[in-house]
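Spelled out from the first residue to the last, the chains are:
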Amino acid sequence: MARGRWMLVMSDETEIADRSTTVSQQPSSGATGSVPPAAPQPPRRLYRSRTDRVIGGVCGGLAAYFDVDPTLVRVLAVVSLVLPGPQILAYLVAWIVMPEEPWQPAPAPQTPVASPPANPPAADH
């Protein structure tokens, strides 16, 4: 056998399989309860942005979908214009095909509640 090469034989495979366990097979370390499963996330949808738009909201929508800075997406879109290809046509198709982001109600304004003074002034009688 050449120097530096290893050979795995069948007995080694069964020994490795016997030693390896998954996390679910290992005993818990004192925890008696289990963590409840997380609520299922709704599927992400690609929308044109209503709030973060310069022309049609396509770059803002792509940025929100991929969770990146909208300025980065806009810069990449402008830089791509120097490359050959149908970038403007692709933007126009995306503008037509992508649905606009649904309206979301504005959050209610938080008005501070006036609390009584800590030390009320003494009454002069």
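The rules behind these values
- Residues numbered from 1 in each chain as written.
- Predicted model: local features only at pLDDT ≥ 70, side-chain atom pairs only at ≥ 80, totals over all residues.
- Heavy atoms only, no water.
- pLDDT = per-residue confidence, 0-100.
- Helix = DSSP H or I, 4+ residues; strand = E, 2+ residues; numbered from the N terminus.
- Salt bridge = Lys/Arg side-chain N within 4 Å of Asp/Glu carboxyl O.
- Buried < 20%, exposed > 50% of the residue type's maximum accessible area, 1.4 Å probe, protein only.
- Polar contact = N/O pair within 3.5 Å; in protein donor to acceptor, adjacent residues only side chain to side chain.
- Contact = heavy atoms within 4.5 Å.
- Phe/Tyr/Trp six-rings, centres within 6.5 Å; stacked < 30°, edge-to-face > 60°.
- Patch = residues over 30% accessible without salt bridge, like charges linked within 9 Å, V, L, I, M, F, W, Y side chains within 5 Å.
- Areas by Shrake-Rupley, 256 points an atom, 1.4 Å probe, with all protein chains shown as cover.

Some points on the confidence of the model for the chain
Right, so step 1: Confidence in the prediction for the chain averages 76 pLDDT; 63% of positions are at 70 or higher.
Right, so step 2: The weakest mean pLDDT in the chain belongs to helix α1 (residues 10-19) at 57; the strongest belongs to helix α3 (residues 70-80) at 94.

Concerning the pattern of salt bridges
Right, so step 1: Counted by the stated rule, this structure contains three salt bridges.
Right, so step 2: Across the pair Arg50 and Glu100 runs a salt bridge, and its minimum N-O distance is 3.5 Å. Within this pair, whereas Arg50 is found in the loop between α1 and α2 (58-66), its partner Glu100 is found in the segment after α4 (87-97), the two being separated by 50 residues in sequence.
Right, so step 3: Residue classification places Arg50 among the partly exposed positions, given a relative accessible area of 25%.
Right, so step 4: Judged by its relative accessible area of 30%, Glu100 falls in the partly exposed class.

With respect to the side chain of Ser49
Right, so step 1: Tracing the chain through its elements places Ser49 in the loop between α1 and α2.
Right, so step 2: Taking the relative accessible area as the measure of exposure, Ser49 reaches 6% and is therefore buried.
Right, so step 3: A polar atom in the side chain of Ser49 sits 2.8 Å from the backbone nitrogen of Asp52.
Right, so step 4: Every residue in contact with Ser49, bar those within four places of it in the chain, is listed here: Gly57, Gly60, Gly61 and Glu101.

Comments concerning α2
Right, so step 1: When α2 is considered as a whole, its buried residues turn out to be Val58, Cys59, Gly60, Gly61 and Ala63.
Right, so step 2: In this fold, the buried residues of α2 make contact with α3 and α4.
Right, so step 3: Asp67 sits one or two residues past α2 and shows a positive phi near 55°.

A few points about the packing of aromatic side chains
Right, so step 1: In this structure the tally under the stated criterion is two aromatic pairs.
Right, so step 2: Between Tyr65 and Phe66 the ring centres are 5.0 Å apart and the planes differ by 90°, which places this aromatic pair in the edge-to-face class.
Right, so step 3: Take Phe66: its relative accessible area is 53%, and that puts it in the exposed class.
Right, so step 4: Ring plane angle 70° and centroid distance 6.1 Å describe the contact between Tyr91 and Trp95, whose orientation is recorded as edge-to-face. Placement of both Tyr91 and Trp95 in helix α4 is noted, with a separation of four residues, approximately one turn of the helix.

Digging into a nonpolar patch on the surface
Right, so step 1: Residues Val54, Ile55, Val78, Leu81, Ile88, Leu89, Leu92, Val93, Trp95, Ile96 and Val97 make up a contiguous nonpolar surface patch of roughly 1100 Å² in combined accessible area.
Right, so step 2: Sort the elements by how many residues they give to the nonpolar patch and α4 lands first, with seven residues.
Right, so step 3: Residue position: Ile96 is located in helix α4.
Right, so step 4: Here Ile96 falls in the exposed class, since its relative accessible area comes to 71%.

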